[in-house]
Each structure stands twice: as C-alpha cells, then as structure tokens.
Amino acid sequence: MPKRRQEALQIVWLVAWRELRDQLRDWRIIIPMFILTVILPFLANAGAQAAMNFASRYGTPLIAERLVPFLLLVVGFFPITVSLVIALEAFVGEKERGTIEPLLVSPLEDWQIYMGKLLAGTVAPLITSYLGIAVYLLGLVFQGIPLPDPNRMAQTLTLTTVQAFLMVSGAILISTQSTSVRAANLMSSFIIIPMALLIQGEAVMLFWGNDQVLWLAVAGVAVLTVLLARVGIAHFQREALLGREIDVLNLRWVGQVFWRAFKGQAKSVGQWYRLEVRAALRRQAPAIWVVTAIGLLSMAGGYALIQANLPSVSQDVMDEFSSILPVGVDVPSLDQFSFFYILGHNLRAVVVIFLLGLFSFGTLGALLFVLNTAVVGGLVSLLDVMGLSAWKVAVFGILPHGIFELPALVLSSASVLYVAIILVTPRSQRSLGEVSIEAIAECARLFVGVICPLFILAAAVETWVTPVLLSTFGG
Amino acid sequence: MIQTEDLSKQFGDFLAVDGVTINVQPGQVLALLGQNGAGKTTTVRMLTSLLAPTRGWARLAGYDVVREPTRVRSLVGVLTEQHGLYLRMTAVEYLDFYGKVFRLDSATRQKRSAELLDYFGITEFARRPIGQYSKGMRQKLALARTLLHEPPVLLLDEPTSAMDPESARLVRQAIAGLRSANRTIIICTHNLVEAELLADKIAIIYRGRILTQGTVEELRRSLLGPAEYNVRLRNGWRPGTLNLPPGVTLTGETDAGPRFRVEDPLAANPELLKSLIASGAEVVAMQEVPHTLEEIYLAAMSKVNDA
C-alpha cells in the first residue's frame, strides 16, 4: 500500500480510536455490552436446552435443530443494536456538545472523518457480538447440544457483521442529516423497521433451512451497506452539519424545488418536450442502456431456464400443477383484460418498481424488472417447449404492444437506477434532500412525458389490436 | 496574511455577512467587534473553509479558502465559540490526538504539548479528565490545542464569553502573550475591553456589514471628531478675555474650567496654552477628555440607526 494511502487510513483509525476510547469510558455503554455478552447467551443456552428437551419429548428434532442457529443469530444481533445508539449521535451528538467544530476545522478529509465514525460505531458492538456468540457456542458445547454446521456459523457471523455495518451506515447518514440527537433518534425508525423485517425474513429462512437465500441476503445487505456509506460520504457537508439548527418540513420549498426541476427552462408544453424531456433522456441514457442490457440478459436467462428445466419435469407433475392452479391462484379471465385493467396494472407495476427501488438504491426495483423480463423470455420458451409456434406468439402476441410497453418498462427501471446514481454522486453545496427531490422530479418528467403515453398506447394496442392479430395470424 | 474582498454569505433569504473586506498584516491583531448575530462567527467559518462564501473571496496565508480548504485548515488555529473539548480525555491525550490530526511527529507532539501545558499552567492537571477542569482551564486548554501546530494565523471566536472575570483575565493575558511578528490574529468579540486591550485594529461589524475599521485612534477621530481637552484653572473661568487660536473651539465649561475641541493638538495646544496664560488664566492642568471604545462603538451604532 502506498505510504500516503497508509497515512490516510491511519487517520481514519485515529478518529475511530478516539471515539472508541470515549465509549469504553462510558458506563452507559459498557454495562449493556457486558449484559449482552454474558447474560443474553446464557438465556439463549437455556432456551436451546428447553427446545432440545421439548424435541426429545415430542419427537420434533427439526425444531430444535433449527432453533439453535436461530438463537445464534439472536445472540449475535442484540449487541449490534447498541451500534445504532452510538452511530446515531456520532455527528449530531458531537455537534450538540460543541466538539465537532474543532474536528471540522482540522485538515482531515471528509471521508476520513466519516469512515472513522463508521468504524467507531461498529467495532465495539461487533466485538461484543462475537464474544456473545462465543459464549453461546461454549454453552452449547457444555450442554452437549450439537453445534450448528460450519456453513451456518459462517453465515451467521457474516450476516451479523454486514448487518452491523448496515445499521451503522444508515445511522451515521441520519446523524449527518439531523439537527439534534432527538431528531436523529426519531428518525431511527427508518433503520429499526426495515432491520426488524430483515431479521424476521432471515429467521424464516433459517427455519426453512434455505442456505442460498440467506447468502443472497448477506450479499444484498453488503451491497446496501456500501451504497449507504457512499451516499453518506457523497453528501457529507461540513457547512450543512454546522448550519442546520431546526428541522422544518417546508412543503412550499419542496414543491418549488420539485416544480423547478420538473419544468426546467421550458415556457410551453412543446418546449418542455423538445428541451427538458429530451435532456432528461440524454442524462439517463447510460442507465437506459444498462437496464436494456440487463433486460435482454434476463429474457435470455428466462428462456434458457425453462429450456433447461421444463422438459425434465414429468407430465404428471405438469398435470398436477394444472389441476391445482385454478384453486390456488386467481387467474383473471380474458374478458377482464380491459384497457383500464391493463393500463392500471402496468402503471401499478412501475410505481412499485420505483418505490422499491427508491428505498433500496435501485436494487429491489431492478430485481422486479429482471423478474418481469425473465417471465417474457420464459413464456416464449414455454410455448417452444409445448410445441407451439413461439415466434408467431412473439410477433403477433407480444410485439405489437411490447413495442410500447417494454421501452416504458425499461425507462421506468432506468429512472430508479438514475436516482440511485444521483444519490451516490457527490454534489457540493446541495443538500441530500434537494438532490433527491430534483432526481425524483426528473424521473417524474419522463414518467409524465414518455412512460405514461407509452403505457396508454400499449394498453390500447393490447386491448384492441393484439387479440385480433393473435387470433388471425397466431394460430 | 488575511485578506478578504466583498466576502458575503447568504442563508436562504437571510444575508448573514455582506461584503466584508479586511486586510490583516502579519503581526497584527484585528478585533471583529459586534453584537451577537452580527456575522462574526459566520465570517470566521468562511475563513476556515467551513462555509462557502456566496460572494467574494478570502485568502489566508496566500491560500484561497474555497479552492484549497485543506491547506487553509492546516495553517490556521481556530478557537471555536464552544471550547470543543472531549471531557472524558485527559489534557495529554487530547493534545496528542490533535497533534496526530495535524500530523505532527511523536517527538514534536510531546514537546509542544509539554510546552503549551506549561505555558498555560495546566501541567499539574494534565493527566486528569478534562471534565474536572474549571471553565478558565478548559478555555486555556482549547487555546493550547489551537496553538499546537504553530499556525501562522489564529482565529479566536469569543475567547472569553461566559467566563468569570478572573478566568477571562487569565485567558486575555494568555492571548496577549501570543502576539508575535509573524502571527496574524483575528479576535471575534462583543467585549469592548477585550478588543481595546488585545487588538491593533478594530472592525465594527453590524448585521453582516463592516461599519468601520481602523486603529482605536483612527476610529475615535472618525466617529467622535477631534480630541477634546479639559482645562483646570485656579482663578476661575472668564471667557470674554480669551483669544482662541485657529482650529480650537470652545465646546463647554465646568466649575473647574473650559473644554476645548482641538483640530490639530500638536500645533494648536501650545498656542491655546499661551492664549490662556495671556488672558490671565492660571492653568493647573490640561487633560484630554478620555473616550472609551464603548463611546466609539455607540457612536458607530447611532450613525447606523440615524441612517
């Protein structure tokens, strides 16, 4: 590592170590950590023992087998909740105590201060968490309860680590954007609620015993952590940190910023289309190309997946599937596919993609887009496997409205990716709120100007043209 | 050393600093004098690259505050309005931390810390948590932090605010001791005594604008007019017999004697004395009427209010 880089990283550790030392001198942090390291694992051990007894009495070994790694997850997770408290006040707490300004007028770089705080918020709770896990595992050994397999243990440790970093990244981001510790605490629900949902999902996966999905969760959480940290550093502003005194939800200002960004310089609708919509398309072009490539790949993937797996599935299973489908799934009849039904369905889909993408830096939105396009590929493949003329269906059943619908889907997915890119890009002298509103306004520009008209055309063609073409030429 | 031109900062609709132009030479101490909310702290924050100016520019030690913020921050020592100390640390740990932040090597850190702790009389308490220090000691430790990397520019924001008189006096003495030929200091204060005691130049700031600036003498002359002299006579005052020299005006009289305004004291005072003696007055004493910085400040304020 170059010497300059090494020195820069040493400063990060210096900031973190100063804070860690402060934490370790605060009994309000030490006592909960001690309890979570020593007492909680013993409680978990008692729980595991009770589960084993229950299993042996009623012959349900699976419950005990799955409960042991679940408790491992719990023992690892509880101490890292402390990180939230530490990280939430990392910046705003120092601001309230007046200690942040000398640090900000020092020659430290923004990223050094930010990463130092991130590390300081994570290290102590993580060590506590690892110690708690060790105590719990030791307890299992002494109780004669079989340890979870190494893969599961590695998974839990990795999950605990990435979750700690995720919580701290989110909390530090909140801390840089808050006016007071109180405000930061109030905003912590933006971390607690998604984390609670995530843990519940992970618990379900643990009981289900689905390793693959849990590793995917690890990867997803890791990506989200990196993106959150990136957003934090990109929008870390010494000026904003010192300047903000009170939080006021200024709806008028929000409306003005949104309208300014939505309208641009245009003085008429025609001008807006010619200048602003075109400019938005130009700016979002890289995202549009990326999403198009992803769409084509997932379409090919969907096609290949069905080709590879469907012929091996026995006819019996297919028959069985067909017999249960009408009972379990509410499939609308063809009469229900009215213009408004199709338009509503499409608009709902892009709104869901946009909203999910907005809260996950585009990842969940992209996932939905990938699923949608993979289904199209899979559908064509399915027809192929069933011996129907796939190209006819594609040309007469998908292409007529797909010409409008697929670009609209690509544009809406690209928009959410664009917002994510904007959020992780540093903008000096602009607040995170301002940048977010402007990016959303630009997406709204495309939504109103291009996506909606395309969906209207697609729904019209799908309602009145595609069925005719399909019945005439589709066979 | 510190140069600004039309330096301005706007927060939304509020213009916090409006066209501040100052030039402080090496070795000079400038007091930025103004009431709370006048724009002193905002000016200091722009000078330390914490706030970006909305208009104008500023250079510290030759470096632009917008283009070279890291360089500027490494050359400036800032005493912030709140001392900014970590109360669970000891003074030794605290200075060592900031020494590392300013990339001083281990030997320099130890030497400078020991020197500064000794200079400010904190050595005895250096290994106690800062939380146990008095307000004056805390402020002195914050000053020690400010000086740790021997910066050529010092910005001291309200160095004695909310301190008891004794602590404030100690801190003022410490600041007075910081003057050197190549160090430039700006002190932001609303304390007139402090400004008069410590500064070579005074800039009065009001609602973000510099109303006037110069030495105390220059300000006195420009705001209160020419110097006035009280003359004490033994045999009483009889105005009819006096022939006043040019540039001297009678402005008042007391039981003890008259008061004169003199445009050019150096030339006119000997002539005035001669005239008084020639008129038969027995002069016991002739003394300049003292004008405090408070009067100067109030005169500046009343000018603004009149305008």
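Residues numbered from 1 in each chain as written. Chains lettered and ligands numbered in written order. Predicted model: local features only at pLDDT ≥ 70, side-chain atom pairs only at ≥ 80, totals over all residues. Heavy atoms only, no water.

## Notes on the overall build of chain B
Counted only if it meets this: A run of DSSP states H or I qualifies as a helix once it reaches four residues; a run of E qualifies as a strand once it reaches two. Both are numbered from the N-terminal end. Summary of the burial criterion: residues with accessible area below 20% of their type's maximum are buried, those above 50% are exposed, and those between are partly exposed, where the area comes from a 1.4 Å probe applied to protein chains only. Contacts were defined at the residue level, with two residues in contact if any of their heavy atoms lie within 4.5 Å. Only the protein chains shown count as cover for residues, with accessible areas throughout obtained via the Shrake-Rupley method and a probe of 1.4 Å. Counting rule for charge: Lys and Arg are taken as positive, Asp and Glu as negative, and neither His nor the chain ends is counted. Charge positions come from single atoms, namely NZ of Lys, CZ of Arg, CG of Asp or CD of Glu.
For chain B, the count of helices and strands is 10 helices and 14 strands. With the C-alpha coordinates aligned to their principal axes, the bounding extent of chain B is approximately 75 × 45 × 30 Å. Scored against the burial criterion, the 307 residues of chain B give a buried share of 51%. Expressed as a percentage of contacts within chain B between residues at least 6 apart in sequence, the contacts between residues at least 24 apart total 69%. Accessible surface for chain B amounts to roughly 14,100 Å². Of this, 49% is attributable to carbon and sulfur atoms. Computed over 36 positive and 34 negative side-chain charges, the inter-centroid distance for chain B is 6 Å.

## Here's the deal with the sheet that holds strand β12 (residues 248-253) of chain B
All names here are of chain B. Note the threshold: At least two bridges found by DSSP between two strands are what make those strands a pair. For helices, the axis comes from a line fit to the C-alpha atoms of the stretch in contact; other axes are also lines fit to C-alpha atoms, and the angle between any two N-to-C directions lies between 0 and 180 degrees.
The antiparallel open sheet is built from 4 strands, whose spatial order is β12-β13-β11-β14. The strands lining the two open edges of the sheet, one partner per strand, are β12 and β14 (283-288). The average undirected angle you get between the axes of adjacent strands in this sheet is 25°. Bridge count for strand β11 (residues 227-233) against strand β13 (residues 258-262) is 4 bridges, and the pairing is antiparallel. By the bridge assignment, N230 is partnered in β13 with R259. Packed onto the sheet, helix α9 (residues 265-278) meets β11, β12, β13 and β14 and runs at close to 150° relative to β13.

## Comments concerning the sheet that holds strand β4 (residues 55-60) of chain B
All names here are of chain B. Strand order in the open sheet made by the 4 strands is β2-β1-β4-β5, with antiparallel pairing throughout. Two strands bound the open sheet, and with one partner strand each, they are β2 (14-24) and β5 (63-64). Inspection of the sheet shows strand β1 (residues 2-11) paired to β4 by 5 bridges, in the antiparallel sense. Looking at β4, one finds that I2 is bridged to L60.

## Considerations on a nonpolar patch on the surface
Heads up, the condition is: Each patch is built from salt-bridge-free residues with over 30% relative accessible area, joining like charges within 9 Å and nonpolar side chains (Val, Leu, Ile, Met, Phe, Trp, Tyr) within 5 Å. For this document, the term salt bridge refers to a Lys or Arg side-chain nitrogen within 4 Å of an Asp or Glu carboxyl oxygen.
Taken together, the side chains of W27, I31, F34, I35, I39 and L43 of chain A make up a nonpolar region of the molecular surface, amounting to roughly 660 Å² of accessible area. Topologically, I31 of chain A is positioned in helix α2 (residues 27-58).

## Comments concerning the interface of chain B and chain A
We apply this condition: Throughout, the accessible surface (probe 1.4 Å) given up by two parts as they are put together, summed over both, is called the buried area. Counting of polar contacts relies on pairs of N or O atoms within 3.5 Å, with two restrictions inside protein: one atom must be capable of donating a hydrogen and the other of accepting it, and residues adjacent in sequence are counted only when both atoms are side-chain atoms.
On the chain A side, the residues contacting the 27 residues of chain B number 28 residues. Carbon and sulfur atoms make up 59% of the surface buried where chain B meets chain A, a total of about 2,700 Å² over both sides. Its largest share of buried area at the contact with chain A, chain B owes to L50, Y86 and R88 of chain B, together 27% of the area lost on that side. At the junction of chain B and chain A, the tally comes to 4 salt bridges. If you look at where chain B meets chain A, you find 8 residue pairs in polar contact (both at pLDDT 80 or more). Elements represented by at least two residues in the side of chain B that touches chain A include exactly β1, α2 (69-75) and α3 (91-101) of chain B.

## A look at the nonpolar core
Stated formally: Here the nonpolar core consists of buried residues drawn from Ala, Val, Leu, Ile, Met, Phe, Trp, Tyr and Cys, with membership extended through side-chain atoms lying within 4.5 Å.
Ranked by internal contacts, the top residues of the largest apolar core, which has 170 residues, are F91 of chain A together with Y94, Y98, L141, L143, I186 and I202 of chain B. Ranked by the residues each element gives to this core, the list is headed by helix α19 (residues 432-473) of chain A, at 12 residues. For L143 of chain B, the contacting residues outside a window of four places in its chain are L79, F120, L156, V171, A174, I175 and L178 of chain B.

## Overview of the domain arrangement of chain B
Applicable threshold: Segmentation into domains, and thus their bounds, comes from an automatic or database assignment.
For chain B, the domain assignment lists domain 1 (2-214) and domain 2 (225-293). Each of domain 1 of chain B and domain 2 of chain B was reduced to a C-alpha centroid, and the two centroids are 44 Å apart.

## So, the packing of helix α8 (residues 216-224) of chain B against helix α10 (residues 293-306) of chain B
All names here are of chain B. In plain terms, the rule: Reported orientations rely on four angle classes, namely roughly parallel under 35 degrees, roughly antiparallel over 145, roughly perpendicular from 65 to 115, and oblique for the rest. For a crossing to be left-handed, the near helix must be turned anticlockwise from the far one by less than a right angle; the clockwise case is right-handed.
For the pair α8 and α10, the least separation of the axes is 9 Å and the interaxial angle reads 45°. Relative to α10, α8 is oriented oblique. Seen from above, α8 lies across α10 with left-handed handedness. Between α8 and α10, the residues in contact are V216, L219, R220, S222, L223 and L224 and E295, I296, A299, A300 and K303, respectively.

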